[in-house]
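Descriptive analysis of the structure
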Amino acid sequence: MSVRKVLVVGGGITGSVLSLALAQRGVEVDLVEIAPAWSGVGHGITIQGNALKALRSVGVLDRILEHAVTFDLVRMRRADGELIAEIEAAHTGGADLPSTAGALRSDLQNALCEAVYAQGVTVHLGVSVQRLEQSADTTRVTFTDGTTGHYDLVVGADGTNSQMRSMIGIDARPKPVGMSIFRVVAARPPELDCSELYYGGPRYKAGYTPIAADQCYAFPITRFRTAATSALAADALSPAGPLRVGVIGSGFEAQNHVRALAALRELSSVTVFSPNPASRARFTERLADLGLPLGTAESAAAAVEGADLVLCAARSWDEQPTLREAPAGSTVASIGSALPEQRELGVEVLARADLIVADMVDEVAHDTGDLLAAEASGVDCSDKIVSLADVVSGRVAGRSGPDSLVVYKSVGSVVQELAVASMCAWRAGELSLGTTLPVTLSPVAK
Ligand SMILES: Cc1cc2nc3c(=O)[nH]c(=O)nc-3n(C[C@H](O)[C@H](O)[C@H](O)COP(=O)(O)OP(=O)(O)OC[C@H]3O[C@@H](n4cnc5c(N)ncnc54)[C@H](O)[C@@H]3O)c2cc1C
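This report concerns the structure included in the present document. (Residues numbered from 1 in each chain as written. Predicted model: local features only at pLDDT ≥ 70, side-chain atom pairs only at ≥ 80, totals over all residues. Heavy atoms only, no water.)

Thr14, Glu33, Thr46, Arg105 and Ser128 are the nearest of the 21 residues found near the ligand. Measuring from an oxygen atom of the ligand, one finds a backbone N or O atom of Ile13 at 3.1 Å. Protein burial of the ligand: of its 990 Å² of free accessible surface, 60% is covered by the chains. Sorting the residues of the shell around the ligand by element identifies helix H1 (13-24), strand E2 (28-33) and strand E3 (44-48) as the ones contributing at least two each. A breakdown of the residues in the shell around the ligand according to their chemical character gives nine nonpolar, eight polar and four charged. (Near = heavy atom within 4 Å. Polar contact = N/O pair within 3.5 Å; in protein donor to acceptor, adjacent residues only side chain to side chain. Areas by Shrake-Rupley, 256 points an atom, 1.4 Å probe, with all protein chains shown as cover. Helix = DSSP H or I, 4+ residues; strand = E, 2+ residues; numbered from the N terminus. Nonpolar A, V, L, I, M, F, W, Y, C, P; charged D, E, K, R; others polar.)

See the structure below:
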């Protein structure tokens, strides 16, 4: 069967480049983009050689390079600016193309949009697919605006949370790995002539990429926000006095949480459970510098027995809750189940809770496996779920008495990360800590 008419769903980089390539080969293309306005957001993007090759093949490269910056090097530095290595980047698109280009996403997307229209692709904005009906020689598509169309081929190019993928029965979803990134467009210092990466410790990275004659973008990557916000919640919701802490999970988040808690409250004991004894031992070794009484337990129940504060920080992908019972009067902080398919707290814990405090109320109530399981079991939590911001600001009361069970559930939000980053920068300045990097960034509005 020859392909004469194609529907492309999603007008990002993939959908746009594909639409162009098909239209250039004489295929009739309809493109539907759910956003009512079609343009790229303003931050920067690093385009590698192989992507430059694809952009050249559909005829948009010259237009993109009018504003972009090309370079063939990458520099790696320590946090104090000392050079670790300067590496020639591979020419993955071929020797006749630069290894890398930095550009504004909006410039890239605008160039693609203009080319897509110019090539005669029919674009429908603010529209998506409602239904697909496949027969032997065509697919009938019903769109969200009520119109229909018949296609030889339908392509889902609708990004990481693709609805098209679910529509054809693929239920794979992205899984967070605990890493986040911010980007800011800033004035480009003259000496910044290629991507530079700054490494501070084993997990933290920042960097800059030039994207125009006078602009660059910067990208810090951090992993502090969850522990910082949980410590704030635990402090606000736990009884006064030294805290006995039971920890389920022994990984990076669990360790970082204990450090953050110890910075805010006196901890009289910390007992960890993790299924692997070697992981438990590593947890106590890595926190030894805190000088706390650290212990290990053979089960989750034993770790939390008698605890004032229970920390659940074990990623649970097998849909088995890791905590089924919590001591009366305790505060339970649950940070390891942020997606519908993840479980951490048993329905019993949520049913018994007097108050559920959420960093993001809507996401916790409707998108986390624990709350979804409670709803499915007929446990209605809607009357007792409040936001952490309301508790911290005093708009809503927190713990009501020494015996009440309070649950704090976190899914995380970018605002927490920004708050933590700005506090770190402010404190570092106050204490004259840190190193001034050899570039100055002045954010610009885009
Ligand atoms: C913070 C960040 C930085 C990145 N930096 C780089 C980088 O420097 N270099 C690099 O090469 N890659 C980078 N990436 C990855 C890159 O952005 C993606 O690989 C790329 O955007 C994927 O393009 P796409 O068209 O497949 O999906 P998307 O860009 O997600 O586009 C999907 C499009 O489909 C639309 N859509 C969604 N649902 C529907 C629907 N139901 N119906 C119709 N339309 C729909 C969306 O509105 C969107 O326009 C970065 C990603 C992130 C998140």
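Right, picking up where we left off after that structure.
Take the sheet that holds strand E4 (residues 69-71) next. Read across the open sheet, the three strands follow the order E3-E7-E4; overall the sheet is antiparallel. The sheet is open, and its two edges are formed by E3 and E4, each paired on a single side. The average undirected angle you get between the axes of adjacent strands in this sheet is 25°. Here three bridges tie E4 to strand E7 (residues 100-104), and the two strands are oriented antiparallel to one another. When the bridges of E7 are listed, Thr70 appears paired with Ala101. Strand contacts of helix H2 (residues 49-57): E3 and E7, with the helix running at about 90° to E3, the strand carrying the most contacts. (Pairing = 2+ DSSP bridges. Axes fitted to C-alpha atoms, helices over the stretch in contact; angles between N-to-C directions. Contact = heavy atoms within 4.5 Å.)

Okay, the packing of helix H6 (residues 225-237) against helix H7 (residues 252-264) next. Two packed helices can be described by the angle between their axes and the distance between those axes. Here H6 crosses H7 at 45°, and the two axes come no closer than 8 Å. The pairing of H6 with H7 is recorded here as oblique in orientation. Where H6 crosses over H7, the handedness of that crossing is right-handed. On H7, the residues that touch Thr226, Ala227, Ala228, Ser230, Ala231, Leu232, Ala234 and Asp235 of H6 are Glu253, Asn256, His257, Ala260, Leu261 and Leu264. (Parallel < 35°, antiparallel > 145°, perpendicular 65-115°, else oblique. Left-handed = near helix turned anticlockwise from the far one by under 90°.)

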